[in-house]
Structures are given as structure tokens and as C-alpha cells.
Amino acid sequence: MNTLPELLLHILQAIGLGLGVALILWLLRRYAPIRRVQVSALVGALVLGAYLIVRGSNLPGETTVLNILLASAVMLGANTLIQLFDAFLWDYLLGRRRHIAVPRLLVDIFNFVALTTVALAVLNGIFHVNLNALLVTSTVASAVIGLSLQDILGNVLAGVALQLEHPFTVGDWVQINTHTGRVTQMNWRTLILRTRDHHHIILPNANVAKHEIINYSRPTSLQRLHARLGVAYPHPPGLVKQVLTRAVSEVAGVSAAPAPEVTVMAYGDFAIEYDIRYWITDYDQVEQIEDAVLTRLWYSLRRAGLTIPFPTHNIAVRTLAENHEARAHERLQQEVFAELRQLTLFAPLSDAQIGQVASGASLQRFAVGEALVRQGEVGDSLFVIKSGRVRVDKRGEDGQTITVATLGPDEFFGEMSLLTGEPRSAWVIAIEETETIEVDKPDLAAVIASDTPLLEALSTALDERVRNSIEKMLLGTGPLAEKRAPIPRGAFLYRIQQFFGVKSG
Ligand code: CMP
């Protein structure tokens, strides 16, 4: 039996311990990890206090009570230390300092193993339980449980492996086995992919770990795509490559760097096969970009007079093609003539003059977003819009682009380079599917030289457009070349007359 002073001493020790722990917790209350362990630490201190008081009291059943109190205090203390360790190692050292996000699943497993180890030590050290016997029993139990939960455990372990290896994360575009989709969720047992068709595919982690994984979002979102195309044999590969590269590089969503490239893949049965390689950074848009590329290729090839052949017999093709082409050319001439005849710009011209202009003219079709004319490029043809609409964009010296006009059917552009011989002064971009008639300079030059009203109409348009561009650009910001000097009305006429060798009247 304790003496009274001894009991008092134990009570004082217990109170001191409780107050000491409470004081430490209060002093460190501003630190988040301490707040997390407050309850566990305080209860642990109280249990330890109770242990001190009961110890030596010689109460009936004292040993059992003491063992229970000590075991509880040790478990609570261990829990407090593990929590503090978690906060220090995972959150602070790895998370904040090294920016490594350790998956919660791993932390939970670590805590579980640590606490189980402490619990086993307590059972053995305090309650003198024979761990060997316990292990045998638990081994049998785990074997039974393990067998029945084989699949689930397999998935959980695969989940842990995936979390550790980190081959992808939520939001990534991946291909696993035959499934392609965006990772929307990863949990203990499964991985959820959302496909382009908005199907949710739930894949067990074990399956995912078994297959090869293609990640389209990591380590970089830059991905290369291919478009394969056959172009007819008569067209020189150098020219074809030029046309294809240019067409693809102007499609929205195709990266400028690395630039697209075109290679000859094979000389096939009926076509030269090309591989068009281009880069994208937004895998989300892959289908739209592929569609835009293939669409754009058709238009560009068509305009450049390059044909995509289909399998046929040689002899039949040649005979047909020659007749067909001759007739098609004739039809085109008639069509162009009829179109030009209706234009206000060419109204003063005689049929013979229009026929002359139409002789080398060509009909062309552009897709939305395509450039018909590029600022700074050399060019001397005039475009008349048959159908559709275009936007005229001017880029200033500061790189800023301003839309100075939109033009539609019966209107024309390209007169500036044609009349002055200078590089194209603006970008002209189709804002609708647009058909144009492109008239070559030599065909027009002869008519212009002999037809003053036409020359005047063109130079007046040029004059007004230059003036209009300057006004529009001045409304924008930044230093622009055109801000330099005002241009007097009719300033171009003389220059143009000189250029075309026409005497001023
Ligand atoms: P060109 O310089 O040959 O090529 C670009 C064309 O855009 C240009 O000829 C004009 O036809 C046209 N253009 C330039 N500025 C304007 C404007 N302000 N209004 C209408 N068309 C313009």
C-alpha cells in the first residue's frame, strides 16, 4: 500500500505531466501538425497520469489496470509520434521542400504498418503474448482472407505501384491496351478513363499495370501526328512537298515549331505516297485538327492543280484524262468569261478584251481560314471574288495586326502589287468558303495599257484603300510605317502609268 505522501507525490507528478503536455500543446498551437495531434497527445498524457497514480496503490487487480493504462498510453504516444512524423516527412520535407506529392494511399499504409508494429510490441512486452503463436494464427487467417480477396488485393497493390511509378495523373490523355481516353479518376481499385465519345471506362488497376501505357500528355504535351496521302505521278515531289507543308502549317492547332515536314513514303501502285508529319500540343483537339489538316490538303492540292488519284487502268485513264482535261479547260474559260463579264470593274471592257483577260485566268476555291494572299510576298495577279468573303489584315512594324476591310462577291483585291510591282501589302484571309478568279498580270497588262477607264478605276481603288488602311492603322497603337507621311490623292496613278508604260493623258 502506498503511503499518503507517496500517493500525493504520484498525483502531483500526474498533474505536472498533464499540465506540462497541455502547456506545450498550447504554446505550439499555431503549428498545424500540433493541432492535428492535440487530442491524441492530451489523452495519452492523461492515461499516463492515471498510470502513475495507480502504480503502487496495491488496489485489487492493479497489474491488469496498470498494463491496460500503459498499453493505451504507449499506443496514444505512438500515434502522436507517427502523426508528427507524417507531417514532417511527407508534408514538409517531401511535399513543400521537394514538391513531391506522396499519394495518401501510401501514407495510410505506412501509418497502418507502424501502428501494427507498435501494437505487436505492446502485446509482447506488456501483456507477454507469444507472438509466434499469434503469427501462426494470423498467417492462417491472412491466407484465407488473402485467397478470397486475391483480386481486390491485386488491384490495390497495382494501384500502389501505379501511384509510386506515376506513369500518368488525373487529366492526362492516355492509351491503355485498346482504350484511349482522359484519366478522370484513380482510386484504390480502379482507374476511370473518359473516351472521346464520353464513355466512362472503368479499368481495374491490375489490368492497367499489366498493359503498356501510352501517355499523350507527359512528359510534354507536344505530340506528332501523321497524315498519309497519295498524289499522282506526274507531279514533282519537290512541288508537292512545298504545297503540302505550306497547307498544313497554316492550320489552326498545328505547332509552328517543330515545323511540319513531308516525306515521300513509297512509290505506290497508282500514286506517290507522302507522309505529312506535324506537331500539336492540344491532344484534346486531335480529331478536329486531323480533320482540318485533311480538309485543307484537299483545297491546297486542288488549287495547285495536283491530283489525288484513285486506282484505275493506265490506258483508260490517259485517254479519258486528255479529253476530259481539254473539255474541262474549255468549260472553265467560258465560266470565267461569264463571271468577268458581270463584274462592275470590267463593265467598260469589250467582249474581246474580257476574253483576253480570261484566257490565263483560273478559278480557285479556298477554305475558311486560308490565306489567299500573304503580306510581304511577291505577287502580280489580281483576284476577283466570285463567291464568299475575305478579310484584309495588315500587320504593322510592331507586329500588331489590324483588319482594314472585308470584301465580298464582285469585289477584287491584289491590285496594289499588280499595279505597283511591290510585295503584297496585306494578308487576305477567307472568312467563308471563297471562290476567286485569279487574273494574271500579262493578260491584264495588255488591256490596262489600252484602256484608261480600267486603269483609272483600279488606281482609284488603290488610292482609296491605301488611305483607308492608313486611317485604320492610325486608330491602332504603335509606330507604323504608314504613319510617316500623308499620301496625296492620285499619287499612284503616275507611278502605275509608268509601271505599265502608259502615257499620262
Ligand atoms: P496587294 O497589296 O496586292 O495584296 C493585298 C491586298 O489587300 C491589296 O493588294 C489590296 O487589294 C487589299 N487591300 C489592302 N488594303 C486594303 C483596304 N484598306 N481596303 C480594301 N482592300 C485592301
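Keep in mind that what you see is a predicted model, and the values were worked out from it rather than measured.

Calculation rules
- Residues numbered from 1 in each chain as written.
- Predicted model: local features only at pLDDT ≥ 70, side-chain atom pairs only at ≥ 80, totals over all residues.
- Heavy atoms only, no water.
- Buried < 20%, exposed > 50% of the residue type's maximum accessible area, 1.4 Å probe, protein only.
- Helix = DSSP H or I, 4+ residues; strand = E, 2+ residues; numbered from the N terminus.
- Arc of directions from axis to C-beta.
- Axes fitted to C-alpha atoms, helices over the stretch in contact; angles between N-to-C directions.
- Parallel < 35°, antiparallel > 145°, perpendicular 65-115°, else oblique.
- Contact = heavy atoms within 4.5 Å.
- Nonpolar A, V, L, I, M, F, W, Y, C, P; charged D, E, K, R; others polar.
- Near = heavy atom within 4 Å.
- Polar contact = N/O pair within 3.5 Å; in protein donor to acceptor, adjacent residues only side chain to side chain.
- Areas by Shrake-Rupley, 256 points an atom, 1.4 Å probe, with all protein chains shown as cover.
- pLDDT = per-residue confidence, 0-100.
- Core = buried A, V, L, I, M, F, W, Y, C linked by side-chain atoms within 4.5 Å.
- Patch = residues over 30% accessible without salt bridge, like charges linked within 9 Å, V, L, I, M, F, W, Y side chains within 5 Å.
- Salt bridge = Lys/Arg side-chain N within 4 Å of Asp/Glu carboxyl O.
- Phe/Tyr/Trp six-rings, centres within 6.5 Å; stacked < 30°, edge-to-face > 60°.
- Lys NZ or Arg CZ within 6 Å of the ring centre and 35° of its normal.

J.: Give me helix α11 (residues 351–359): which residues, what numbers.
T.: What α11 keeps buried is the set Gln 353, Ile 354, Val 357 and Ala 358. Seen from one end, α11 has its buried residues packed into an arc of 135 degrees, which puts them on one side.

J.: Can you break down the packing of helix α1 (residues 4–27) against helix α2 (residues 32–54) residue by residue, with the values?
T.: One way to put it is that α1 packs onto α2 with a least axis distance of 8 Å and a crossing angle of 175 degrees. One way to sum up the angle between α1 and α2 is to call them roughly antiparallel. Seen from α1, the contacting residues are Leu 7, His 10, Ile 11, Gln 13, Ala 14, Leu 17, Val 21, Ala 22 and Leu 25; seen from α2, they are Ile 34, Gln 38, Ala 41, Leu 42, Ala 45, Leu 48, Gly 49, Leu 52 and Ile 53. Partitioning the contact of α1 with α2 into residue classes produces 14 nonpolar, four polar and no charged.

J.: With reference to specific residues and values, describe the site of the ligand.
T.: Close to the ligand lie 16 residues, the nearest being Gly 414, Glu 415, Arg 424, Ser 425 and Asn 468. Between the ligand and the protein, one listed contact pairs a nitrogen atom with a side-chain N or O atom of Asn 468 at 2.8 Å. Out of a free accessible area of 460 Å², the ligand has 98% covered by protein chains. The set of elements that each furnish at least two residues to the shell around the ligand consists of β13 (401–407), α12 (415–420) and α14 (452–475). A per-class count over the shell around the ligand returns eight nonpolar, five polar and three charged.

J.: Kindly report on the confidence of the model for the protein chain, identifying the contributing residues and their values.
T.: When pLDDT is averaged along the protein chain, the result is 85; 92% of the residues meet or exceed 70. Predicted confidence in the protein chain is weakest over helix α15 (residues 491–499), with a mean pLDDT of 71, and strongest over strand β8 (residues 272–280), with 97. Overall, residues 478–484 carries pLDDT values under 50, and its contacts beyond four positions in sequence, including any with other chains, amount to 13 contacts.

J.: Just give me the short version of the nonpolar core, but keep the residues and values in it.
T.: Counting 33 residues, the largest nonpolar core has Leu 340, Phe 346, Leu 382, Leu 419 and Ile 448 as the members making the most contacts within it. If you list the elements that add at least two residues to this core, you get α10 (314–342), α11, β11 (382–387), α12, β16 (434–439), α13 (441–450), α14 and α15. Not counting chain neighbours up to four residues away, the residues in contact with Ile 448 comprise Leu 418, Leu 419, Leu 454, Leu 455, Leu 458 and Phe 500. By size, the runner-up hydrophobic cluster in this structure holds 26 residues, among which are Val 248, Val 251, Val 262 and Leu 297.

J.: Describe a nonpolar patch on the surface, and please don't skip the residues or the numbers.
T.: Residues Leu 23, Ile 24, Trp 26, Leu 27, Leu 28 and Tyr 31 make up a contiguous nonpolar surface patch of about 640 Å² in total accessible area. Among the structural elements, Ile 24 can be located in helix α1.

J.: Help me get a handle on the environment of Arg 55, residues and values and all.
T.: Along the polypeptide, Arg 55 turns up in the loop between α2 and α3 (62–97). Considered as a pair, Arg 55 and Ile 82 are 27 residues apart in the sequence and their alpha carbons are 27 Å apart.

J.: Would you mind going over the pattern of salt bridges in detail, with residue names and values included?
T.: Tallying each qualifying case throughout the model produces 18 salt bridges. For Glu 250, the salt bridge identified is with Arg 374, shortest N-O distance 2.7 Å. With Glu 250 in the loop between α8 (237–249) and β7 (261–267) and Arg 374 in the loop between β10 (371–373) and β11, the pair connects residues that are 124 residues apart, well separated along the chain. A relative accessible area of 27% places Glu 250 in the partly exposed class. Given the relative accessible area of 12%, Arg 374 is considered buried. The partner of Glu 433 in a salt bridge is Arg 365, and the shortest N-O contact between them spans 2.9 Å. Residue Glu 433 is found in the loop between β15 (427–430) and β16, and its partner Arg 365 is found in strand β9 (residues 362–366); the two are separated by 68 residues along the sequence.

J.: So what's going on with the packing of aromatic side chains? Which residues, and what values?
T.: In the structure shown here, the tally under the stated rule is eight aromatic pairs. Centroid distance Trp 90 to Phe 110: 5.5 Å. Interplanar angle 80 degrees. Geometry classified as edge-to-face. A residue pair is termed long-range when its members are at least 10 positions apart, and Trp 90 in helix α3 and Phe 110 in helix α4 (residues 104–125) qualify at 20 residues. Ring plane angle 25 degrees and centroid distance 6.0 Å describe the contact between Tyr 233 and Tyr 267, whose orientation is recorded as stacked. Within this pair, whereas Tyr 233 is found in the loop between β6 (223–231) and α8, its partner Tyr 267 is found in strand β7, the two being separated by 34 residues in sequence. Residue class for Tyr 233 comes out partly exposed when judged on its relative accessible area of 38%. Tyr 267 gets classed as exposed once you look at its relative accessible area, which sits at 55%. Through pairs of rings, three or more aromatic residues link up here, namely Phe 85, Trp 90 and Phe 110. Here the guanidinium or amino end of Arg 30 rests over the ring plane of Tyr 31, the centre of that ring lying 6.0 Å away. Here the guanidinium or amino end of Arg 196 rests over the ring plane of Trp 173, the centre of that ring lying 4.3 Å away.

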